Structure formats: structure tokens, C-alpha cells
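# Coordinates in review
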Amino acid sequence: MDKLKIFDTTLRDGEQAAGAALNIQEKLEIARALDLLGVDVIEAGFPVTSPGDFEAVKRVAGEIKNCTVCGLARANAKDIDRAYEALKDAVAPRIHVFISASEVHMVHQLKKNRGEVLQLARDMVARAKGYLSDIEFSPMDASRSDPEFLYELLEAVIDAGATTLNIPDTVGYAMPHEFGGLIQNIFTHVRNIDRAVISVHCHDDLGFSVANSMEAVRHGARQVECTINGIGERAGNAALEEVVMAIRTRPDYYDVTTSINSELIYPTSRLVSQRTGFSVQPNKAVVGANAFRHQSGIHQDGVIKMPKTYEIMDPHSVGVPSSSLVLGKLSGRHAFKERLAELGYNLSEADFDRAFNAFKELADKKKEVADRDLESIVAEEQRTVVEAYHLDRLQVTCGDRGVPTAAVRLIGPEGVILEDAALGTGPVDAVYKAINRLVGVPNRLTEFSVTSITAGIDAIGEVFIRIESEGVSYSGRGSDTDIIVSSAKAYMNALNRLLAFKLNGLPTTTD
Ligand SMILES: CC(=O)SCCNC(=O)CCNC(=O)[C@H](O)C(C)(C)COP(=O)(O)OP(=O)(O)OC[C@H]1O[C@@H](n2cnc3c(N)ncnc32)[C@H](O)[C@@H]1OP(=O)(O)O
Ligand SMILES: CC(C)C(=O)C(=O)O
Ligand SMILES: [Mg+2]
């Protein structure tokens, strides 16, 4: 059986999803999780885009040893040189050069003719090859390109040294049958195709990203580019978990294997969801909260008698936890540790102690502490930013009469206690105004959302916010059973990121 390479682009295309910005620490955390998951390639970023992205790629390249680390570059010398600089410490570095091949892109965006694009692609792949042996090339918008021109371009870049040819369905336009046909035609029309691996990179604008990727695999593609939870530009990319589990579940259909440790899919999905602030829809295939829950009597009857009646995958095979341990206020450290391990967390002693205390506090308020509550507790204890200001106390009065008022106490730099109060249009507004009086950094709130972690009146509420200051956006998260406290924690988290940026000068550095 052939090996299918899994090229994960969560940190590059995934981060292109509007609102998904990650800081360096979060990127490293996700890169480590992807490494453990067993991906073959991590596309860590697009180094030329910002000092922060350059630094993130460099740090991932320096740390990750078990898989290839890749950086994206346009077909120009500056991008390629910058990508090499960021990647040069990697054990297995790859530069990914791309240029558009479709008429609409060449004419209207690049303002170049076919000959110029061909020459640039050839020269820039050769330049990248001067640095490294592992070079990937993508003809952007391949699925809307003239196939004859595409074959010519691919032949030229293979001669120039490209070893992986990635065929993107950049705007998610292709239909599965058509995309499979394109891959088949590339095998028959590109003279030197035996010297390269064919890869595919499909977007989900019409909901076909996974179907198109799988059709390409059936026609000989041996690398699939994908992201955790399918995040990415616009409607996103093919979801890694769906591609991998399709191959696992239908070996009769796909004659390939992957080196993914599928039991780590669910924890990795949760990590990416928490760090990006993008919740996973409940009905999402493989990793959605309802993916293995059976609601109707007939289904429940079948699953009790024999799980295979309604489950085509074993939930354990993707790391979805199920335990007979019920966690509550009478649970001890062992049960707590065991449950965290089942959820894929291996905390340091200090993180564990803090998480355990938070669990006990929550258990006093809630009868039963669910897995999602635990994930939220761990996320709260692991907020990666160094705190310049810490929320110490908060008191709010509000209601349908009177003016919402908040009194806030913060512990500032060098342990200084700061206190103030403010009025607002609502309790959250009052809290944010009181905090602003103490921290004094002008910013604008651009996004605010509250999610209930579990059902029930005693559920934890998780708040995700974005603030903007001088054109840079910072996210913040906070969780608590009191959503006003969650809101305050999320605001402090975003403000501390903003202050770390001002201190370090890099938009994504917080450590
Ligand atoms: C399909 C994809 O996902 S492609 C990757 C998309 N990712 C990103 O864009 C990452 C974030 N981008 C950025 O930070 C910026 O756009 C940068 C740093 C990359 C470039 O910034 P700027 O130099 O200011 O250019 P800007 O983004 O406005 O325009 C893009 C330029 O690159 C050119 N370009 C686009 N793709 C390519 C390519 N593959 N090869 C060569 N040139 C290209 C465009 O024609 C345009 O050139 P022009 O300035 O001569 O008109
Ligand atoms: C850079 C390329 C591979 C891309 O992301 C796309 O075409 O969608
Ligand atoms: Mg893309």
C-alpha cells in the first residue's frame, strides 16, 4: 500500500481564516500537537508576511524534529530568501513556491502573460532549489487554469527542481469527478511527472474540499494538504480528520495509509478550536460534539446491542473520550489526572495544581463536571500570555432599573494594587470601562461572543473577544460560571497580549 503524506497547513492557510490570528506560543503549541499527531509536513507560515510570522516559522523549524517544516513564498526572490532564512535550522525544511496559473489571475492580479509566469516560476523554483533540496510548487487556481498551460508549467518546474507539485482548487470551484480527472490528466500529460509527488490543496467554498481531495487520492495524488477542523481562507480547507478517517474507514476504497495517530485527532481538534477561538459545529464530521451521540430510541437500541449498527468509526479511534468516571466535588486528584490524560492533556505539575484547584471550585458550584468543562478549565489555566495586569476582584450591580456599575481591583506591574469603578450601558461595558481607567491603553472592542460550554444553568460560559489598537487586532478568552467574570477575564487576556506586543514589538510574541 502506498503512503499518503499528510501536509498540515493549519498554521498557514488555517490562520488565514478571518479572525483566527495565533501568537507564537500558540503556534508552537499547535505545531507540537501536529508533530505528535504524526503529520508528515507542517506548513508553519508565510515568513515574508510579518516579523511575527517569520519568527513563528523559525521557532517551529528549530523545535520540530520528526516532520518536515515548510514555509510559503510567492514567486519572487525576497519571499524565497526570507523563507529560507526562517527554515534553515529545520531538520527537514521545505520551501513552497506558488504563482497563479489561471487566465483570470494572470491577467487581472499578476498582470503578466503566460510566458512571463512560466519564466518566473522556473527561475524562482531554481532559486529555492539553490537553498534546499525539498521544493514544492503550486500553480494557484489550477482547477480554473487552461490544462495545456498547466502541464507546460508543471514540466518546467520539475526540470527546475520541484519535487512536490501541489494542485490547488484555490477557490473551491471543482467538482469531484472533474478534479479527479485533472489529476489523472496530469499523470498522462506531464512528461517528467515520475520525478515528483502530486499533492492537492482543496478549498470548501461549495463543500467539496474533502470529496475533491479523496477523488485526487483515487487518481494517484500522494499528498493531501489539509487543516485541523477544516479551518482556512473563506469557507476553509479540507479537514484533516475527515481525510484521515475516510482512508481508515474505507480501506476497500482507498489503497493508501497515513502515519496519523488517529487517537490524537480529537485532542488536537480541541486545541485548535480553543487557540483560534473557532468553535466546532456540533454536527461536524469526526470531531463535532454530536458526531458519536445517539439521540433517537431506535438508534440507541441498536448501539446498545451492537455499536456497529450506527457507528462506522469507534469513537476511541479518534480519541473521543468516554469514561465511567463521574467527576464532581468528591473526586480526588487521581480521578482528575486520569480524566485529563484521557482527554489528551499532560500538564506540568504547576499547571496541574492550578487546574485541580479550579476544578474543585467549579465542582462546588456544579453537580457534575463534564469533559468540556475540564477543557475550559485547562485552557483558562494555560493562557499563554504573561500578565502585566491580573484581575483580582470584580463587583457589579445591574438590573432593569438604575445604571450598571462595576468596581474592579487589578494587581498591576510589581504587585501594585489598583482599584476603580465605572458606569456603563450594561454590566460588561461598565467592567471594561473600569478596567480601561486603570490600564489606560486606548482600544476598540471589535468582537464579543459568549458560548455555553455545557447545557444547564450552572454551565461555564466562555467569552471570546477581539480588540483593536493602532491597526493590530488581539484576541482574548476567559471562562467562568459567571459570564461577567468570563468577560472581564477575556478582556484582561486581550489587554495583556496588547501590552506584550507593545513591549516586544512583534505582533505575535507573548513569551
Ligand atoms: C491562495 C493563498 O492562500 S495565497 C497566500 C495568501 N496569504 C497572504 O496573503 C498572507 C498575508 N499577506 C500579506 O501579508 C501581504 O499580502 C504580503 C506581505 C504577502 C504582500 O504584501 P504587499 O507587498 O503589500 O502586496 P499586496 O498584498 O498588496 O499585493 C500582492 C502582490 O503580490 C503579487 N503576487 C500575488 N501572488 C504572487 C505570487 N504567487 N508570486 C508573485 N507575486 C505574487 C500581486 O500581484 C501583488 O503584486 P503588485 O504589488 O505588483 O500588484
Ligand atoms: C498557496 C496556495 C497553495 C493556496 O493556499 C491556495 O491555492 O489555496
Ligand atoms: Mg489555500
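What you see as residue numbers is a count from 1 along each chain, following the sequence as written. Chains and ligands are labelled by the order in which they are written, letters from A for the one and numbers from 1 for the other. Residues qualify for local features only when their pLDDT is at least 70, as the model is predicted, and side-chain atom pairs are given and counted only at 80 or more; totals for whole chains, interfaces and linings, by contrast, use all residues.

## With respect to the sheet that holds strand β15 (residues 461–469)
- Strands are treated as partners if at least two bridges between them are detected by DSSP. Labels follow the DSSP assignment, with helices taken as runs of H or I lasting at least four residues and strands as runs of E lasting at least two, numbered in each case from the N terminus. Here we have three strands laid out as an open sheet, ordered β14-β15-β16, and antiparallel in their pairing. The open sheet has two free edges, formed respectively by β14 (444–452) and β16 (472–480), since each of these has just one partner strand. Looking at each pair of strands side by side, their axes are set apart by 15° on average, direction ignored. Here an axis means a line fitted to C-alpha atoms, over the contact stretch when the element is a helix, while the angle between two N-to-C directions is reported on a 0 to 180 degree scale.

## Concerning helix α10 (residues 265–276)
- For a helix, the expected span equals 1.5 Å multiplied by the residue count minus one. For α10, which comprises 12 residues, the first-to-last C-alpha distance of 16 Å matches the rise-based estimate of 16 Å (1.5 Å per residue) to within 8%.
- Every C-beta atom is placed from the backbone, and the number of other C-beta atoms within 10 Å of a residue's own sets its class: buried at 20 or more, exposed at 12 or fewer, partly exposed in between. The element α10 is largely enclosed, with a buried count of 11 among its 12 residues.
- Where α10 is concerned, the buried positions are Ile265, Tyr266, Pro267, Thr268, Ser269, Arg270, Leu271, Val272, Gln274, Arg275 and Thr276.

## Observations concerning the site of ligand 2
- Each residue gets a C-beta atom placed from its backbone. Should that atom fall within 6 Å of a molecule or strand, the residue is termed near it. Neighbouring ligand 2 are the residues Asp13, Leu72, Phe98, Ser138, Met140, Asn166, Pro168, Thr170, His201 and His203.
- Residue assignment for the shell around ligand 2 shows that the elements contributing at least two residues are β6 (135–140) and β7 (164–169).
- Here the term charged refers only to Asp, Glu, Lys and Arg, the term nonpolar to Ala, Val, Leu, Ile, Met, Phe, Trp, Tyr, Cys and Pro, and the term polar to all other amino acids, Gly among them. Across the shell around ligand 2, the residue classes tally to four nonpolar, five polar and one charged.

## Details of the UniProt feature "binding site: Mn(2+)" (unreviewed entry) in the chain
- UniProt positions are given in the numbering used here, feature names are shortened, and annotations may be inferred rather than shown by experiment. Here the UniProt feature "binding site: Mn(2+)" (unreviewed entry) sits at Asp13, His201, His203 and Asn237. The greatest C-alpha distance among the residues just named is 10.1 Å, despite their covering 225 residues of sequence, which places them together in space.
- Looking at the element boundaries, His203 is found in the loop between β8 (197–202) and α8 (209–218).
- By the convention adopted here, residues are in contact when the distance between their C-beta atoms, placed from the backbone, does not exceed 7 Å. With sequence-adjacent residues up to four places away left out, His203 is seen in contact with Asp169, Thr170, Val171, Gly172, Ser209, Gly232, Glu233, Arg234, Ala235 and Asn237.

## Overview of the packing of helix α1 (residues 24–37) against α10
- Viewed as axis vectors pointing N to C, α1 and α10 meet at an angle of 165°, and their least axial separation amounts to 10 Å. Classified by the angle between their axes, α1 and α10 sit roughly antiparallel to one another. The chirality of how α1 crosses α10 is left-handed. Every residue of α10 that contacts α1 at Glu26, Glu29, Ile30, Ala33, Leu34 and Leu37 is listed here: Thr268, Leu271, Val272 and Arg275.
- Looking at the contact of α1 with α10 residue by residue, the class counts come to six nonpolar, one polar and three charged. Orientation categories follow fixed angle ranges, with anything under 35 degrees roughly parallel, anything over 145 roughly antiparallel, 65 to 115 roughly perpendicular, and all other angles oblique. Handedness of a helix crossing follows the sense of rotation of the near helix relative to the far helix, less than a right angle counterclockwise being left-handed and clockwise being right-handed.

## Section: the site of ligand 1
- If you check the shell around ligand 1, you find 15 residues, and the closest are Thr49, Arg74, Ala75, Phe98 and Ile99.
- Elements represented by at least two residues in the shell around ligand 1 include exactly β5 (93–100) and α4 (103–110).
- Its residues assigned to classes, the shell around ligand 1 comprises seven nonpolar, five polar and three charged.

## Considering the sheet that holds strand β12 (residues 405–411)
- Strand order in the open sheet made by the three strands is β11-β12-β13, with antiparallel pairing throughout. Two strands close off the open sheet at either side, each with one partner strand: β11 (390–397) and β13 (417–423). Going across the sheet, the axis of each strand differs from the next one's by a mean of 15°, ignoring polarity.
- Across seven bridges, the pairing between β11 and β12 is antiparallel. Bridging across to β12, Leu391 finds its partner in Leu410.

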